[in-house]
Amino acid sequence: MRLLSRVLPVLVGLGLASCAGVDVNTNYDPAAVQRINQFHTYAWLTHPQQTKDTRINNDITNSQVTGAVDQDLQARGYQKVDASANPDFLIGWQGAIDKRLSADTVDNYWGYPWDPFWGSYYGPSQTYVREYDVGTLILDVVDAKEKKLVWRGTAQSDIGESPSAQTKSGKIEKGVNKMLKDFPPEPKEKK
């Protein structure tokens, strides 16, 4: 019973962490909002091989990212064309996987996180460290005529210790959809 009271909070914490969603941020050039709102056609930039990490740079991941972006953009009326057909904008992606550490301190008596006020009363505490991977996906929108970055979306998510293709694919699609909700950006009202 005592072991269960020690391990249960850690397992619950790990379970909740693995269910964590996708964190998304977007940024854009405010001076380009009018041009962005006039975009109708797009083409893909060639994918840069900035890292030798085969978890990112492979045909399957490329297909998942481009497929999710194409599906979202085309559902909203954008038309994919060849790069030689003078598209309104170019879109590209890049990714990274970084290792992170998470530390949880748990009271040995009650199994709750350590508290400096009550910790010494209930006895010693124990710290559990977990290493996990965080995936980052970046989408860039470049004005094709001016060759200038006008919009960027970034999605980050815990992809676990050994992500399966189905889990990774679902997170890629979720990240793409959350990022592209903010594309095109809404013009800010002047005060």
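In short, a report on the structure. (Residues numbered from 1 in each chain as written. Predicted model: local features only at pLDDT ≥ 70, side-chain atom pairs only at ≥ 80, totals over all residues. Heavy atoms only, no water.)

**Considering the side chain of Thr136**
Keep this limit in mind: Think of it this way: any DSSP run of H or I at least four residues long counts as a helix, any run of E at least two long counts as a strand, and we number them from the N terminus. The classification of residues rests on relative accessible area computed with a 1.4 Å probe and restricted to protein chains. Under 20% of the type maximum is buried, over 50% is exposed, and intermediate values are partly exposed. Counted as a polar contact is a pair of N or O atoms within 3.5 Å, where, for protein atoms, one must be capable of donating a hydrogen and the other of accepting one, and residues adjacent in sequence contribute only when both atoms are in side chains. Every residue pair with non-hydrogen atoms within 4.5 Å of one another is taken to be in contact.
Relative to the elements of secondary structure, Thr136 occurs in strand β5 (residues 125-143). Look at Thr136 and you get buried, because its relative accessible area is 14%. Only 3.0 Å separates the side chain of Thr136 from the side chain of Gln156, close enough to count as a polar contact. With near-sequence residues (within four places) excluded, Thr136 lies in contact with Gln94, Gly95, Ala96, Thr154, Ala155 and Gln156.

**A closer look at the pairing of strand β2 (residues 41-44)**
Definition in use: Only strands that DSSP links by at least two bridges are regarded as paired with each other.
The alternating pattern of β2 places Thr41 and Ala43 on one face and Tyr42 and Trp44 on the opposite face, and all of these are buried. Alignment of β2 against strand β3 (residues 79-80), held across two bridges, turns out to be parallel. Along β3, the bridge assignment pairs Thr41 with Gln79.

**Description of unusual backbone geometry**
Each neighbour pair has its own omega, and for Phe183 with Pro184 the value is -5 degrees, a cis peptide bond. Positionally, Pro184 belongs in the segment after α5 (165-180). Of note in the backbone geometry, Asn86 takes a positive phi value of approximately 55 degrees without being a glycine. Along the chain, Asn86 falls in the loop between β3 and β4 (89-107). In this structure, Lys147 takes a positive phi of about 55 degrees despite not being glycine. In this structure, Lys147 sits in the loop between β5 and β6 (148-160).

**Observations regarding helix α3 (residues 59-75)**
As a reminder of what qualifies: What a helix is expected to span follows from its residue count: subtract one and scale by 1.5 Å.
For α3, with 17 residues, the first-to-last C-alpha span of 24 Å sits near the 24 Å given by 1.5 Å per residue. Inspection of α3 places Thr61, Gln64, Val65, Thr66, Ala68, Val69, Asp70, Asp72 and Leu73 among the buried residues, and these make up the whole buried set. The N-terminus of α3 is capped by Asn58, whose side-chain oxygen sits 3.0 Å from the backbone nitrogen of Ile60. Of the residues trailing α3, Gly77 is marked for its positive phi of about 100 degrees.

**Quick notes on the pattern of salt bridges**
Heads up, the condition is: Salt bridge, as used here: a side-chain nitrogen of Lys or Arg that lies within 4 Å of a carboxyl oxygen of Asp or Glu.
Taken as a whole and judged by the stated rule, the model has nine salt bridges. The salt bridge involving Lys80 is made with Asp70; its shortest N-O contact spans 3.2 Å. On the criterion of sequence distance, the pair formed by Lys80 in strand β3 and Asp70 in helix α3 is long-range, its members being 10 residues apart. Classification of Lys80 by relative accessible area gives partly exposed; the value is 42%. Assessed through its relative accessible area of 12%, Asp70 is described here as buried. Linking Asp72 and Arg76 is a salt bridge whose minimum nitrogen-to-oxygen distance equals 3.0 Å. Note on Arg76: relative accessible area 37%, which makes it partly exposed. Taken together, the shared-partner salt bridges connect Arg35, Asp143 and Glu146 into one network.

Remember, this is a structural readout, not a statement about activity or role.
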